[in-house]
Amino acid sequence: MSLSLVVLLLSNQYFAQVESAPRAVPILCNSTISPNSTQSQNAANDFCSKVWDECQNASISGSPFAPQGRGGTLANSTSKLTDLWQSKSDFCNEFGGASEDELVCFNGGPVSLNNSGTLSPPNGVCLEKIGSGAYINMVAHPDGSNRVIFSSQEGKIWLANVPEQDSGKTLILDESNPFLDFTDEVHSDIELGMMGIAFHPKFQSNGRFFASFNCDKVKWPECSGRCSCNTDVGCDPSKLEPDNGALPCQYHSVIAEFTANGTTSEPSTVTSVKPQEVRRIFTMGLPFTSHHGGQILFGPEDGYLYFMMGDGGGIGDPYNFSQNKKSLLGKIMRLDVDNIPSAKQVSDLGLWGNYSVPVDNPFAEDKELQPEIWALGFRNPWRCSFDAKRPSYFLCADVGQDEYEEVDIVTKGGNYGWRVYEGLFLYNPPRSPGGNTSASSINPIFPVMGYNHSQVNNSVGSASITGGYFYRSTTDPCLYGRYLYTDLYASAIWAGIEKPENSGNFTSDKIPVSCAVDSPLQCNSEAGSSFPSLGYITSFGQDNRRDIFLLGSNGVFRVVRPSRCNYTCSKENVTAAFTPPGSAPSPNSPSHSAAARIWLTTTLMELLLILFLSSSLLVFL
């Protein structure tokens, strides 16, 4: 192999070195490495010796292999390696090295600098079981620590401490000592209960937090509000039949505000609060007993409260609430809970509680929309999230009817099609007492990811998507930047990748899932399958380190290093040493300055490679 061929080979490679100064030539892997090193495989072919053996007699102008070339200054003469170095040993002492300490050596294998082709999906998702409880919500504690909040469908909220990765420890959570217990107010059933919890962006100073739940006005007098089936939306509640034994609007959807400021000026130190509402933010009666969504999130950039609401239930949204711009059913709402109106203003404006409407909500452009509406056309949005890296990416999973489960990028004023469409397909409702919306009258935004019901557990005969998060942890670098989602029946996990970035074009793959053999709590497998027995997966969670959790009826599971399940991830050893922006560094990880050196040196090496290739045009063989 001539030196010109080496140059051509190098043009398709990617190198990184963590040093204070860049190199004109990447470190070439050689065999001077400890046999116990995790990087010994990279050096097995002794690439530095191979370069010397095959290229020692090739001549190159301005050789980067000249002794003075190490600092980035190229020699001006045309030279052979044998003119510059007395022996292979001297050459490899200068240019050889191993992927140890802070070095990443080049072993001759292809790694693209900027490959726009299809990325291979991860080999698998490795989980560990760290808790046995069944929870429906998990949110990171706003103090930035390793604490998180779990809540149950019945109406209890707990503080918990998350153990370090690889510690072999489990969640520290005392179910006998809840942070908040308001089970007396919550009505819990299959699709009813406590559905969401959110901390105010300024919780550290104001102690405000919010809970979304369902109540039964027959059992609790304070469960009282307007019925969502009313004359304004062309619906007469007297004509609705009882659903699962409940009268129309017997159950309500509620957002209530609570406080952790009762006994201290430092809310983050509070370990329990009284079950007394500070104020009722929202109350709405529900026509049927299903499809109430209920998740609440604060926008990371605007600070407003987003409230996910389903179509109210009934097969095929019979009253077409999702497309009715006067109805709040089948919508995502955006509320201002910092500017509380007077009781008179609430009444005069026809609001559903103690909130204001942001002036830039879509109604400013579309006067037909109810002011609270941010987006419409949802059947039952179940678990939405903002990307920690790109907060403008607001993704929601929407549960399908008979055929398709979908993931949508939610934008201001977007119409996501239900019940005109179910996912990508036109939907024909079995009955339409509330009228129809024609496909030609809307401009639907179709899902970016999803799956057909035939792709999940056929023995159950159903499917129900559970939305997740963009993976932004460094624990599994092969998952980084992929959006994870699953199905309630825990038959699969999908990972979606956007290519190119910021294009809105996603592809997703069903990913194998295993449980680590050294999991702190034993994982069982599904009968006849290696897939872990997770139970019903109701939610994902994300902590302050950006690690991802799955909340199942069989426990709490955390995504861990792929090697713990014998999955191969070529990036695991390379990227485990740095923390991306927005992630809390591990106590055992390098400082942010070391992370910056990796990024900066990598970028400089790419630029130097371009200069190197330019000089190689003068190669003479």
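Residues numbered from 1 in each chain as written. Predicted model: local features only at pLDDT ≥ 70, side-chain atom pairs only at ≥ 80, totals over all residues. Heavy atoms only, no water.

S.K.: Sorry, what's going on with the overall build of the protein here?
M.R.: A count of helices and strands for the protein gives nine helices and 33 strands. Across the 621 residues of the protein, 55% fall into the buried class. When contacts within the protein are restricted to residue pairs at least 6 apart in sequence, long-range pairs at least 24 apart make up 65% of them. As presented, the protein carries roughly 26,600 Å² of accessible surface, and 49% of it is formed by carbon and sulfur atoms. (Helix = DSSP H or I, 4+ residues; strand = E, 2+ residues; numbered from the N terminus. Buried < 20%, exposed > 50% of the residue type's maximum accessible area, 1.4 Å probe, protein only. Contact = heavy atoms within 4.5 Å. Areas by Shrake-Rupley, 256 points an atom, 1.4 Å probe, with all protein chains shown as cover.)

S.K.: I tried to follow the packing of aromatic side chains on my own but got confused; where do I start?
M.R.: For any two aromatic rings, the description comes down to two numbers: the centre-to-centre distance and the angle of the planes. Considering all chains together, one arrives at 35 aromatic pairs under this definition. Pairing phenylalanine 209 with phenylalanine 258 gives two aromatic rings, centres 5.8 Å apart and planes at 25°, and the pair type is stacked. Of this pair, phenylalanine 209 sits in strand E13 (residues 208-216) while phenylalanine 258 sits in strand E14 (residues 251-259), placing them 49 residues apart in sequence. Taking the relative accessible area as the measure of exposure, phenylalanine 209 reaches 0% and is therefore buried. Seen from their ring centres, tyrosine 306 and phenylalanine 394 are 5.4 Å apart, and the 70° between their planes marks the pair as edge-to-face. (Phe/Tyr/Trp six-rings, centres within 6.5 Å; stacked < 30°, edge-to-face > 60°.)

S.K.: I would appreciate a short explanation of the side chain of aspartate 543 in the present structure.
M.R.: You can see aspartate 543 is positioned in the loop between strand E31 (537-542) and strand E32 (548-552). Comment: no salt bridge for buried aspartate 543; closest opposite-charge side chain is arginine 558, at 5.1 Å. At a separation of 3.0 Å, a polar atom in the side chain of aspartate 543 contacts the main-chain amide nitrogen of arginine 545. With residues up to four places along the chain from it excluded, the contact list for aspartate 543 reads Met138, Ala140, Val148, Val162 and Phe549. (Lys, Arg positive; Asp, Glu negative; His and termini not counted. Salt bridge = Lys/Arg side-chain N within 4 Å of Asp/Glu carboxyl O. Polar contact = N/O pair within 3.5 Å; in protein donor to acceptor, adjacent residues only side chain to side chain.)

S.K.: Looking at this structure, how should I read the sheet that holds strand E19 (residues 373-376)?
M.R.: Here four strands make up an open sheet; going across it, the order is E16-E17-E18-E19 and the pairing antiparallel. Because the sheet does not close on itself, it has two edges, and the strands there are strand E16 (296-298) and E19. For this sheet, the mean angle separating the axes of adjacent strands, direction not counted, is 20°. Sheet topology note: the strand E18 (residues 331-335)/E19 ladder contains three bridges and is antiparallel. In the sheet register, methionine 333 faces E19, and the bridge partner there is isoleucine 373. (Pairing = 2+ DSSP bridges. Axes fitted to C-alpha atoms, helices over the stretch in contact; angles between N-to-C directions.)

S.K.: Help me out: how do you make sense of the side chain of histidine 292 in this one?
M.R.: Looking at the secondary structure, you find histidine 292 in the loop between strand E15 (279-285) and E16. Here serine 290 takes part through its backbone oxygen, which lies 3.0 Å from a polar atom of the side chain of histidine 292. Ignoring any residue separated from it by four or fewer positions in sequence, one finds histidine 292 in contact with Glu191, Leu192, Asn214, Leu286, Met308, Met309, Gly310, Gly312 and Asn380.

S.K.: Sorry, what's going on with the nonpolar core here?
M.R.: In summary, soluble globular proteins display a tendency toward joint burial of nonpolar side chains. Ile255 and Phe282 are the most contacted members of the largest nonpolar core, which has 33 residues in total. Among the elements that take part in this core, E15 stands out by supplying three residues, more than any other. Excluding anything up to four places from it in sequence, isoleucine 255 contacts Phe210, Ala211, Ser212, Arg280, Ile281, Phe282, Ile296, Leu305 and Phe307. Ile149, Cys223, Phe258 and Val273 belong to the second largest nonpolar core, which has 23 residues in total. (Core = buried A, V, L, I, M, F, W, Y, C linked by side-chain atoms within 4.5 Å.)

S.K.: So what exactly am I meant to see when it comes to the pattern of salt bridges here?
M.R.: Should their charged atoms come close, side chains of opposite charge can pair. Inspection of the entire model under this criterion finds 22 salt bridges. Between aspartate 387 and arginine 390 there is a salt bridge, and its shortest N-O distance comes to 3.1 Å. Arginine 390 sits in the buried class, given a relative accessible area of 11%. Shared partners join several salt bridges into a network, and the residues in it are Glu128, Asp166, Asp518, Arg558, Arg561, Arg564 and Glu572.

S.K.: What should I look at first to understand the sheet that holds strand E20 (residues 381-386) in this one?
M.R.: Consider a sheet: its strands pair through backbone hydrogen bonds, and that pairing is either parallel or antiparallel. An order of E20-E21-E22-E25 is seen for the four strands of this open sheet, with the pairing classed as antiparallel. Only two strands of the sheet have a single partner each, and these edge strands are E20 and strand E25 (449-452). The mean inter-strand angle of the sheet, taken between neighbouring strand axes irrespective of direction, is 10°. Here E20 pairs with strand E21 (residues 394-398) via four bridges, running antiparallel. Bridged to proline 381 within E21 is aspartate 398.

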